[in-house]
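Residue-level listing of the chains:
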Amino acid sequence: MSGEWQGQLKGFVNSIERLKQHINLTAEEEKILTETKTTWGTTPYFASLMDPDDPSCPIRRQVIPSALEQQNQFGMEDYLVWKENRATEEVRPDSIARQYKDRVAFTVTQVCGIYCRHCFRKELVVDGDLELDFNVDEGLLWLAEHSEVRDVLITGGDPFLLSDEKLEYLIRKLRELPHVEMIRFGTRTPIVLPQRIDAGLKKVLGGYHKVPIWINTQCNHPKELTEETAKAVFELLSCGVNVGNQAVLLKGINDDVETFRALHQKLLQVRIKPYYVFYCEAAPGIDHFRTPVEKGAELIRDALRGHTTGLAQPMHVVATNIGKIPLMPDYYIKDKDAQHYTLCNHKGEQTRIPNIPE
Ligand SMILES: *Cc1c(COP(=O)(O)O)cnc(C)c1O
Ligand code: SF4
């Protein structure tokens, strides 16, 4: 079977020659691509969105390796082992990462439709230094024995690069577990490979079920949102699948007020609900993408809250080994005494509400 999306993967842009069909490489980019051993590349579709002449193009920077990846001052060693609690006492298959009681992340593949330069799972997905065994049946068995898990987040890599048959099997097996109340997927395909959302996949995902499917994609810049993506999202929604976004805050890509606001407004325009904005994690080799910790909260304060609809507002979180920690602006409560709370809005205006004793 070979549909349009398989064609996109066959034509995967992961050589200098193929990249040159889309952009004019700088001498520096070409040098790095010649020397690097890292996995890199994306689909011809996503490559076609790159600016042919601007090396600082936000799409280009997510795709093409930089010399700065070798400079690692702040990245933590064995980051994923720490982050995914792999060194703790509970025995789990490699495919199951756990930080919470009621939900887990279930990794089913290491393959992606783009090898993001800012990926926090770089050691695994991009550089392949960490070798893990993602046996789906082993993960399913573990889940069957853990009735406290009501929410399974299927991740990768990109799970939507699995065949329809494999996805159908996975979803069917999860729905057979009486304690699983919802199935989630993390996938960049609506952004980098919208062709994946085809009739075959809709058949696998769609329809009314007691156990719903929620997906979160990752879009980091308004330039990534095209008519193709809008249609793919519409197809997902129209078959009963909810679509959210998990952006990564990236220095020089989306960390200014205008871009940050445009990204979140445009996501709603294509029917994607902003869910999270992640602080760029302390994984090795991505220092150059990382902003100060406060930046995300500042952007929510200055670009979103009050400036545009609450629907456009994600929660800013830092993902850690003990779970996702919200880092949100905290200017709202200006003062409080026994009688009143003094509240502050995005313009600095103040108002008072009564302080109700318990
Ligand atoms: C992110 C994550 C989840 C899901 O967290 P939500 O806040 O529910 O989206 C679950 N398990 C792990 C290990 C995660 O990293
Ligand atoms: S698609 Fe996700 S897992 Fe794959 S490289 Fe990008 S951020 Fe990492």
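Here, the structure is the one placed above.
Definitions and limits used
Residues numbered from 1 in each chain as written. Chains lettered and ligands numbered in written order. Predicted model: local features only at pLDDT ≥ 70, side-chain atom pairs only at ≥ 80, totals over all residues. Heavy atoms only, no water. Helix = DSSP H or I, 4+ residues; strand = E, 2+ residues; numbered from the N terminus. Rg over C-alpha atoms; globule rule 2.2 N^0.38 Å. Buried < 20%, exposed > 50% of the residue type's maximum accessible area, 1.4 Å probe, protein only. Axes fitted to C-alpha atoms, helices over the stretch in contact; angles between N-to-C directions. Parallel < 35°, antiparallel > 145°, perpendicular 65-115°, else oblique. Left-handed = near helix turned anticlockwise from the far one by under 90°. Contact = heavy atoms within 4.5 Å. Nonpolar A, V, L, I, M, F, W, Y, C, P; charged D, E, K, R; others polar. Near = heavy atom within 4 Å. Polar contact = N/O pair within 3.5 Å; in protein donor to acceptor, adjacent residues only side chain to side chain. Areas by Shrake-Rupley, 256 points an atom, 1.4 Å probe, with all protein chains shown as cover. Pairing = 2+ DSSP bridges. Right-handed = clockwise from strand over helix to strand, strands pointing away. Salt bridge = Lys/Arg side-chain N within 4 Å of Asp/Glu carboxyl O. Expected span 1.5 Å × (residues − 1). Arc of directions from axis to C-beta.

Enquirer: What should I look at first to understand the overall build of the protein in this one?
Expert: Looking only at helices and strands, one finds 14 helices and twelve strands in the protein. Expected size for 358 residues packed as a compact globule is a radius of gyration near 21 Å; at 21 Å, the protein falls within 12% of this value. Taken along its principal axes, the extent of the C-alpha atoms in the protein is 70 × 55 × 40 Å. A total of 358 residues make up the protein; the buried ones form 51% of that total.

Enquirer: Would you explain the packing of helix α8 (residues 136-144) against helix α9 (residues 164-175) in this entry?
Expert: Think of two packed helices as two axes; the pair is described by the angle between the axes and how far apart they sit. At a minimum axis distance of 11 Å, the contact between α8 and α9 shows a crossing angle of 15°. Here α8 is positioned roughly parallel relative to α9, judged by the angle of their axes. The two elements α8 and α9 cross, and the hand of that crossing is right-handed. Contact residues: V136, D137, L140 and L143 in α8; Y169, L170, K173 and L174 in α9. The residue inventory of the contact of α8 with α9, partitioned by class, reads six nonpolar, no polar and two charged.

Enquirer: What am I meant to see in the site of ligand 1 here?
Expert: Contacts to ligand 1 come from A97, Q99, Y100, R103, V104, A105, L153, R184, Y275, Y276 and K324. Q99 is positioned such that a nitrogen or oxygen atom in its side chain is 3.5 Å from an oxygen atom of ligand 1. K324 has a polar side-chain atom sitting 3.2 Å from an oxygen atom of ligand 1. Coverage of ligand 1 by the protein chains reaches 88% of its 390 Å² of free accessible surface. It is strand β2 (residues 103-107) that contributes the most residues to the shell around ligand 1, three residues altogether. Among the residues making up the shell around ligand 1, the classes are represented as seven nonpolar, one polar and three charged.

Enquirer: I keep staring at the pairing of strand β4 (residues 182-186) and nothing clicks. Help me out?
Expert: The side chains of a regular strand alternate, first on one face of the sheet and then on the other. Within β4, five of the five residues are buried, which leaves it mostly tucked inside the rest of the structure. Neither face of β4 is exposed, since M182, R184 and G186 on one face and I183 and F185 on the opposite face are all buried. Inspection of the sheet shows strand β3 (residues 151-155) paired to β4 by four bridges, in the parallel sense. Counted as the bridge partner of D151 is M182 from β4. What joins β3 to β4 is α9, and the crossover it makes is right-handed. Examined bridge by bridge, β4 and strand β5 (residues 213-217) share four bridges and lie parallel to one another. Bridge pairing in β5 places R184 opposite W214.

Enquirer: Any chance you could explain the pattern of salt bridges here in plain terms?
Expert: Two side chains carrying opposite charge are able to pair once their charged atoms lie near each other. Here the structure, examined in full by the defined rule, presents 21 salt bridges. Note that K202 is salt-bridged to E235, the shortest N-O span being 2.5 Å. Of the two residues, K202 is situated in helix α11 (residues 199-205) and E235 in helix α12 (residues 227-238); the sequence distance between them amounts to 33 residues. Overall, the relative accessible area of 28% leaves E235 in the partly exposed class. One network of salt bridges, with partners in common, ties together E90, R92, R98 and E148.

Enquirer: Help me out: how do you make sense of α12 in this one?
Expert: Given a rise of 1.5 Å per residue, twelve residues ought to cover 16 Å, and the 16 Å separating the end C-alpha atoms of α12 matches this to within 8%. For α12, the complete set of buried residues consists of T229, A230, A232, V233 and L236. End-on view of α12: buried residues confined to an arc of 165°, all on one side of the axis. Those residues of α12 that are exposed and angled more than 90 degrees off the buried face are E227 and K231. Contacts made by the buried residues of α12 are with α4 (44-47), α10 (189-192), α11, β5 and β6 (242-248). At the N-terminal boundary of α12, the capping side chain belongs to T226, with an oxygen 3.2 Å from the backbone nitrogen of E228. Just past α12, the residue G240 takes up positive phi, approximately 100°.

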